[in-house]
Amino acid sequence: MSEASPVGTNAIDRIRDNPFYVLGLRPDATRQAIERQGTKLLGMLELELKSATSYPTPVGRAARTPEKVRAAMAELREPSRRLEHEIWARLEPEAMPAAPRDVAPIDDEIAPRAGQAADPWPDAFVALGWRAGR
Amino acid sequence: MNGAIAGIIASILISRLGPKNKGPNKPNVPFTAAVWSILVPIGLVLFAGVLAGQVYLIPPLLLIIAVALPWTTTRLVLIPLGFPRVAYWLTRTAEVTFDGDLHGGAVLAGAWALLRRREPDEATAAWLDDRLRLAKPQTLGGAGILATGLLLAGRGDRDGARAVIRTVIDIDARACPEAARRLAAAWLAADAASRGAWREVAEIGIGFGSGRQAWLLSAVAQSLLGEPLAPGRLGLWLRWIVAPNRRGTLAIVRRALDVLDGAYLEIESSDAPPAGAAIVADDAWSTALARHAALLTKPIASVEQGDLLALGRAWDAILEDRAAERILAERALLIGADGSARALTRLRESVEGDLTALVLGRDVGLDDRGDAPSPTLERVRRRVRDSLLVGVESASDALRRRIDDKREIPAVDEWREWTALRIAYDHGTKLAGEDFRRLAFHKIHPDITSLAVWLFNERQQRPLGNAMFKWLLDEATALDDARAIALQTKNVACGV
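Definitions and limits used
- Residues numbered from 1 in each chain as written.
- Chains lettered and ligands numbered in written order.
- Predicted model: local features only at pLDDT ≥ 70, side-chain atom pairs only at ≥ 80, totals over all residues.
- Heavy atoms only, no water.
- Contact = heavy atoms within 4.5 Å.
- Buried area = accessible area lost by both parts, 1.4 Å probe.
- Salt bridge = Lys/Arg side-chain N within 4 Å of Asp/Glu carboxyl O.
- Polar contact = N/O pair within 3.5 Å; in protein donor to acceptor, adjacent residues only side chain to side chain.
- Helix = DSSP H or I, 4+ residues; strand = E, 2+ residues; numbered from the N terminus.
- pLDDT = per-residue confidence, 0-100.
- Core = buried A, V, L, I, M, F, W, Y, C linked by side-chain atoms within 4.5 Å.
- Buried < 20%, exposed > 50% of the residue type's maximum accessible area, 1.4 Å probe, protein only.
- Expected span 1.5 Å × (residues − 1).

**Some remarks on the interface of chain A and chain B**
Each partner contributes to the interface: chain A provides 53 residues, whereas chain B provides 67 residues. Carbon and sulfur atoms supply 66% of the area buried between chain A and chain B, which totals about 4900 Å² over both sides. Where chain A meets chain B, there are 4 salt bridges. Here Arg331 of chain B and Glu86 of chain A are joined by a salt bridge, their closest N and O atoms 2.6 Å apart. For the interface between chain A and chain B, the tally reads 14 residue pairs in polar contact (both at pLDDT 80 or more). Among the elements that line the side of chain A that touches chain B, the one with the most residues is helix H5 (residues 79-88) of chain A, at 9 residues.

**Considerations on the confidence of the model for chain A**
Residue and element names in this part refer to chain A. Averaged over every residue, the pLDDT of chain A is 80; residues scoring 70 or more account for 77%. Within chain A, the lowest mean pLDDT, 88, falls on helix H1 (residues 11-16), and the highest, 96, falls on helix H2 (residues 19-23). Within the model, pLDDT remains below 50 along residues 1-9, and this stretch shows 30 contacts once partners closer than five positions in the same chain are excluded. Residue range residues 97-114 is modelled with pLDDT below 50. Its contacts to residues more than four positions away, or to other chains, number 22 contacts.

**Quick look at the nonpolar core**
Membership of the largest hydrophobic core comes to 168 residues, with the highest contact counts inside it found for Trp130 of chain A together with Leu150 and Trp315 of chain B. Residue contributions to this core peak at 12 residues, all from helix H10 (residues 178-195) of chain B. If near-sequence neighbours (up to four positions away) are discounted, Trp130 of chain A is found in contact with Phe125 of chain A together with Trp112, Leu115, Arg116, Leu150, Leu183, Ala186, Trp187, Ala190 and Gln213 of chain B. Judged by nonpolar contacts, the second largest core, of 12 residues, contains Ile42, Leu46, Leu61 and Ala68 of chain B.

**Description of the pattern of salt bridges**
All names here are of chain B. Scanning the model with the defined rule gives 51 salt bridges over all chains in all. For Arg174, the salt bridge is made with Asp172, and the minimal N-O distance between the two is 2.9 Å. Close ionic contact of Arg459 with Glu408 constitutes a salt bridge, the shortest N to O distance being 3.7 Å. Here Arg459 is found in the loop between helix H21 (434-458) and helix H22 (462-478), whereas its partner Glu408 is found in the loop between helix H19 (375-404) and helix H20 (411-432), with 51 residues between them in sequence. Arg459 sits in the buried class, given a relative accessible area of 9%. Counted as one network, the salt bridges with shared partners bring together Arg158, Asp159, Arg162, Arg166, Asp191, Arg195 and Glu200.

**So, helix H18 (residues 341-362) of chain B**
In this model H18 of chain B runs 31 Å from its N-terminal to its C-terminal C-alpha over 22 residues, within 8% of the 32 Å that 1.5 Å per residue would give. Directly beyond the C-terminal end of H18 of chain B, a positive phi value near 55° is found at Asp363 of chain B.

Pasting the structure below:
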């Protein structure tokens, strides 16, 4: 889990891998609730129950693994770390409209749209005599 | 036949032995003058012979036509057929077209012909590269710079090619043949069109002076963008008829005509997500977090300055409010954490780090001249500024050391190094604003001045030095730096 140090880690990962979202809990969950939920999820993942293999976040659904669940439980046992995670988990996982399916990290390019007047003209170099056609 | 050969020999001798024109405004065309005064009359005689049925005179006649009209022959025959070396040598005689940068024009012809080959040919590309880096220094002009860009494009470095070709217009007209200027505009327009940057295409081809191809594409771009002053159907057809490559451009002209006919009018789809419904939040924390998550997942091209401003203000409502500290302190007490200060500090660092990465990664500028600045965004802008300043300063330092050590590199590489530094400077100014511009200029002004003086005084690269002086003068004027203005005004006045 990339939550060890929020500063400098991928911003989307910080939200997606927030321990509260991983465990499917809200920030006001008690310690007992966290332990109970973690154990329950580990059991469900052991049995490969489909309902436990993913979870919603404000940046789209993410895959849940036993490692993520264990790391989330460990993070939330430390009060100072928990306080930091609580801040980022204040947003309801479903409070955002569904993120685009191909939600991309910062560096990815937008996919070209089809049928728009201002779409790129990929054959420009060939059509204008700068390159040989195929 | 013998007459033709004698004519060629005579014209070569005249071009070798004839007076060299050194004046900046006089055309330097000794070879062309010889060809037209000796070979063309011979060609007319041969033409008469061909008309009389002496077909064996056709080859020498074609040779004379090629030598008399070297650029036309190169452009219509050698470049489309992909003969880079022949294109290079024939264009070496195109004194009229490439007056001011004949050598660069020849490499340009070769590089273009190389681009037209279906298979890459690194040996020829290297040979052309060597022509630009001859042991005997040649003055680099606009055509040579365009040739450098085309060679980069041929090697697949489109970004590098674009960066270099954009600088062709910086070269003084006396060292930048009109043909090179127009071809640079045409290449840049084609490049922008292939990326879908139609706004750029529209600007590149404004006015007939930018060349027929760029002029046509500008009209197409204006139509595709639905601009009110876009030329109508007649205007588009007129430009299409005037421009070269009519068969190739017909498809894009038709697309523009379809736009004028309303074929691309947007119809609201019920499947489309409602615009502006992205943020559902009932308090400052949720608003900031929701905006933060929304911006992180937004596609690159659609992130705008307004989005950053809205997010910055949303975070201001938390980070600049003592109530947030109190809420966190209460919560820390409840769960047994050491204190809230560390959590708040890390939150601030995370927010500013994310926004800095957004600005740098998505190339969104932060305007530092806004009426109501956001403290959060101001801190982000300083981070962006510092990060970009490091790059510019280290590049400028490296340049300074090389100048001090008198370590020369070929003029074309000097120009590329300067272009890279300038791109970093422009990029920083765009993202971090006037503050960056002032600090960076203070650093690079003496270094670039030294480079330009070195190129101008000692290395026969007066056009390059002059272009740098002009850029420095423009920047000094924009920043109102009186001493730099005085110095660069004097330097620019030295001409090319």
